[in-house]
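Listed below, chain by chain, are the residues.
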Amino acid sequence: MNKKVLIASLMLTAVTGAFAQNPTAKQRYAEESKRASVRYNDDKKLCADASTSSARMQCLRDARAEYNAALAQAKQNMSKPLPVSAARAEPICPECGKVVAVEMAEKEGEGGALGVIAGGVAGALLGNQVGGGTGRDLATIAGAAGGALAGHKIEQKVKTTKVWNVTVVFEGGNRQTYSFEHDPGMVSGDLVRTNGNSIARR
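Residues numbered from 1 in each chain as written. Predicted model: local features only at pLDDT ≥ 70, side-chain atom pairs only at ≥ 80, totals over all residues. Heavy atoms only, no water.

Some thoughts on the confidence of the model for the chain
Under the convention used in this document: Predictor confidence is given residue by residue as pLDDT, running from a minimum of 0 to a maximum of 100. Secondary structure follows DSSP: runs of H or I at least 4 residues long count as helices, runs of E at least 2 residues long count as strands, and numbering of each begins at the N terminus. Residue contacts are defined here by distance: any two heavy atoms, one from each residue, within 4.5 Å place the two residues in contact.
Residue-level pLDDT values for the chain average 73, and 57% of them are 70 or greater. Confidence, read as mean pLDDT per element, is least for helix α1 (residues 2–21) in the chain (49) and greatest for strand β3 (residues 175–180) (93). Within the model, pLDDT remains below 50 along residues 14–21, and this stretch shows 16 contacts once partners closer than five positions in the same chain are excluded.

The following block contains the structure:
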C-alpha cells in the first residue's frame, strides 16, 4: 500500500513539474516519459524485495499499470494548452506609459505686493480728485482699496504664462497629468516613462 502511495505521489510531482517549466508539447512528453521510466525501474527494484513470489508478481503488475497510466497521461498532456501560470507574459513596467492627451492652457500669474501698492496709490490719487472734505477722504479710501484690487488683478494678467498639460496612462492603469512651461514636443500616442517628477520619451 505504501508503495502505491509513493508511486502516485511521484506521478503527481512529475505532472506538476512538467507544467511549471513551459516547454513545448513534445519536450513535455519526452520529460514525462523519461520520469515514468525511471519510476518504473525503481518500482521493479522495490518489487524484488517482496517476501513471496506471488507478492512480487502482483507488485510488478501494479508497477507496470502505473507506468502505462503515466505514459497515457503524458500523451494527453501533449494536446492540452499550457496553464496560464506557465505562459510567458511581458512584465509590467510601472514607470512606463502612453500619452493620451496634450493640451495647451494659460496659467494665471500670482499678483505680488507691487501690483497692490501701485494700484492702491493710483486709486487713491483718483479718489482724492473727487468731491471735497469728508467726501474726498472717503473717495480717496475707496479709490485706494479699489485700485489695490485692480492692480493685483492686472499684475496677475501680466504674469500669465502658457503651459502644456500632458496626460499619461501608465501600464499599471494609473492616469496622471504633467505640466510643462515649454512645449515638450509630445503628441498623443507617444510612449514615455517617468523621469524624476516629470516624464521623458522612451
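Continuing now.
So, the state of the cysteines
Stated formally: Here, two cysteine sulfur atoms that lie within 2.5 Å of each other are counted as a disulfide. The classification of residues rests on relative accessible area computed with a 1.4 Å probe and restricted to protein chains. Under 20% of the type maximum is buried, over 50% is exposed, and intermediate values are partly exposed.
Summed over the entire model, instances satisfying the criterion amount to 2 disulfides. Through a disulfide, Cys-47 is tied to Cys-59; the S-S separation comes to 1.8 Å. Torsion about the S-S bond of the Cys-47 and Cys-59 cystine: about -75°, corresponding to left-handed handedness. Placement of Cys-47 in helix α2 (residues 25–47) and of Cys-59 in helix α3 (residues 53–78) is noted, with a sequence separation of 12 residues between them. For Cys-47, a relative accessible area of 0% gives the class buried. A disulfide bridge connects Cys-93 with Cys-96, and the sulfur atoms are separated by 2.0 Å. Measuring the twist about the S-S bond at about 55°, one finds the Cys-93-Cys-96 disulfide to be right-handed. We classify Cys-93 as buried; its relative accessible area is 16%. Each bonded cysteine of the chain gets a number by its place in the sequence, and the pairs then read 1-2, 3-4.

Focus: the nonpolar core
Applied cut-off: For our purposes a nonpolar core is just a set of buried Ala, Val, Leu, Ile, Met, Phe, Trp, Tyr and Cys residues, chained together by side-chain atoms within 4.5 Å.
One finds Val-99, Trp-164, Val-166, Val-168, Phe-170, Tyr-178, Phe-180, Met-186, Val-192 and Ile-199 forming the largest nonpolar core, which totals 10 residues. At the level of secondary structure, the elements contributing two or more residues to this core comprise β2 (161–170) and β3. Take this core: its biggest share by element is 4 residues, from β2. Non-local contacts of Phe-180, meaning those with residues more than four positions away in its chain, are made with Lys-162, Val-163, Trp-164, Val-166, Ser-198 and Ile-199. If you look at the next biggest cluster of nonpolar residues, it comprises 6 residues, including Ala-63, Tyr-67, Ala-70 and Leu-71.

Considering the packing of α2 against α3
Stated precisely, the cut-off is as follows: Note on method: axes are straight lines fitted to C-alpha atoms, helices fitted across the in-contact stretch only, with angles between N-to-C directions ranging 0 to 180 degrees. In what follows, roughly perpendicular refers to angles from 65 to 115 degrees, roughly parallel to angles under 35, roughly antiparallel to angles over 145, and oblique to any angle outside these ranges. Here the nonpolar group is Ala, Val, Leu, Ile, Met, Phe, Trp, Tyr, Cys and Pro; Asp, Glu, Lys and Arg are the charged ones; every other residue, Gly included, is treated as polar.
Here α2 crosses α3 at 175°, and the two axes come no closer than 9 Å. The angle between the axes of α2 and α3 places the two elements in the roughly antiparallel class. Considering only residue class, the contact of α2 with α3 consists of 13 nonpolar, 4 polar and 9 charged.

Examining the side chain of Asp-190
Stated precisely, the cut-off is as follows: We define a polar contact as two N or O atoms separated by no more than 3.5 Å, with the added condition that, inside protein, one atom must be a possible hydrogen donor and the other a possible acceptor, whereas residues neighbouring each other in sequence contribute only through side-chain atom pairs.
Here Asp-190 lies in the loop between β3 and β4 (191–195). Here Arg-201 takes part through its side chain, which lies 3.3 Å from a polar atom of the side chain of Asp-190. Those residues in contact with Asp-190, other than ones at most four positions away along the chain, are Gly-97, Lys-98, Val-99, Gly-185 and Arg-201.

Here's the deal with the sheet that holds β3
Stated formally: Pairs of strands are assigned from DSSP output, requiring at least two bridges between the strands.
As summarised here, the arrangement of the 5 strands in space is β3-β2-β1-β4-β5, forming an open sheet in which the pairing is antiparallel. Looking at strand neighbours, the two that pair on one side only are β3 and β5 (198–201), the edges of this open sheet. Averaged over all adjacent pairs, the angle separating strand axes in this sheet is 40°, with direction ignored. Two strands pair when backbone bridges link them, and strand β1 (residues 96–107) and β2 are joined in this way by 10 bridges, in the antiparallel orientation. Of the residues in β2, the one forming a bridge with Glu-103 is Asn-165.

Remarks on the packing of aromatic side chains
Selection criterion: Between rings of Phe, Tyr and Trp, where Trp is taken as its six-membered ring, a pair exists when centres lie within 6.5 Å; planes separated by under 30 degrees are stacked, by over 60 edge-to-face, and by other angles tilted. The criterion for a charge sitting over a ring is simple: Lys NZ or Arg CZ within 6 Å of the ring centre, and within 35 degrees of the ring normal.
A complete count under the given rule lists 1 aromatic pair for this structure. Directly above the aromatic system of Tyr-40 lies the positively charged group of Lys-44, at a separation of 4.6 Å from the ring centroid.

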